[in-house]
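# Chains, contacts and geometry: an overview
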Amino acid sequence: MASVLHVVRSVVAPITRTRAFRAVAPVALPPVERALARLTRGRFQLSAVLVPSLVLHTTGARSGEPRDTYLMYTPVGAGRLVVAGTSFARDRHPAWTYNLLAHPDAAVSVRGRRFDVRATPVTDDGERDALWARIEAQWPGYRAYERESGRVVRLFVLERAGG
């Protein structure tokens, strides 16, 4: 099964770096993920077919309203996950990163199970490079979004509340 997944990722990953995908995906994927979440009570995400995926539950930085965002994550140890604010290589940081900066206490849902997390932005260059290596081991070429966006992508370590 792992080899099949590797082959599928190898085929799909280059497509995700095309201009066409970057134009269509931010518009098309969120409604599809929301519809699947409703149908499966949060137990299935389309993106989770290829990579570990979660729903990040944040508080709006300005509005104070609850916000949900569907993201890929990379496990980095017991109770620790890393998420990258690539925003499909757009030139602006995604809103959820501002939300985490303003309100680092958040929650995530993975396969329908929700738990509280504390978000810590990654600022150390050595740690960033090590985390990017882990992310790219999972999804080859993902850091290209950072290069193509013209900005330093925000990385966050999400640590499960209570250790």
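Higher on the page you've got the structure.
Further remarks concern the nonpolar core. Grouped together as the largest cluster of nonpolar side chains are 17 residues, with contacts concentrated most on Ala84, Leu131, Trp132, Ile135, Tyr142 and Leu155. In terms of residues, this core owes the most to one element, helix α4 (residues 125-138), which gives three residues. In this view, tyrosine 142 contacts Met72, Ala84, Thr86, Trp132, Ile135 and Glu136; residues no more than four positions away in its chain are not counted.

Right, let's get into the pairing of strand β6 (residues 113-121). In terms of strand pairing, strand β5 (residues 105-110) meets β6 through six bridges, oriented antiparallel. Across the sheet, residue valine 110 finds its bridge partner in β6, namely arginine 113. The antiparallel hairpin formed by β5 and β6 contains two residues in its connecting segment, where arginine 111 sits at a positive phi of about 50°. Note that β6 and strand β7 (residues 155-160) share five bridges and pair antiparallel. If you follow alanine 119 over to β7, its bridge partner there is leucine 158.

Here the focus is helix α3 (residues 95-102). Looking at α3, one finds that the buried residues are Trp96, Thr97, Asn99 and Leu100. The arc that holds every buried residue of α3, seen down its axis, measures 155°, which confines them to one face. The inward-facing, buried residues of α3 contact β1 (53-59), β2 (66-72), β4 (80-84), β5, β6 and β7.

Turning our attention to a nonpolar patch on the surface. Taken together, the side chains of Val7, Val11 and Ile15 present a nonpolar region at the surface, about 270 Å² in accessible area. Looking at the secondary structure, you find valine 11 in helix α1 (residues 2-16).

So, how was this worked out
Residues numbered from 1 in each chain as written. Predicted model: local features only at pLDDT ≥ 70, side-chain atom pairs only at ≥ 80, totals over all residues. Heavy atoms only, no water. Core = buried A, V, L, I, M, F, W, Y, C linked by side-chain atoms within 4.5 Å. Buried < 20%, exposed > 50% of the residue type's maximum accessible area, 1.4 Å probe, protein only. Helix = DSSP H or I, 4+ residues; strand = E, 2+ residues; numbered from the N terminus. Contact = heavy atoms within 4.5 Å. Pairing = 2+ DSSP bridges. Arc of directions from axis to C-beta. Patch = residues over 30% accessible without salt bridge, like charges linked within 9 Å, V, L, I, M, F, W, Y side chains within 5 Å. Areas by Shrake-Rupley, 256 points an atom, 1.4 Å probe, with all protein chains shown as cover. Salt bridge = Lys/Arg side-chain N within 4 Å of Asp/Glu carboxyl O.

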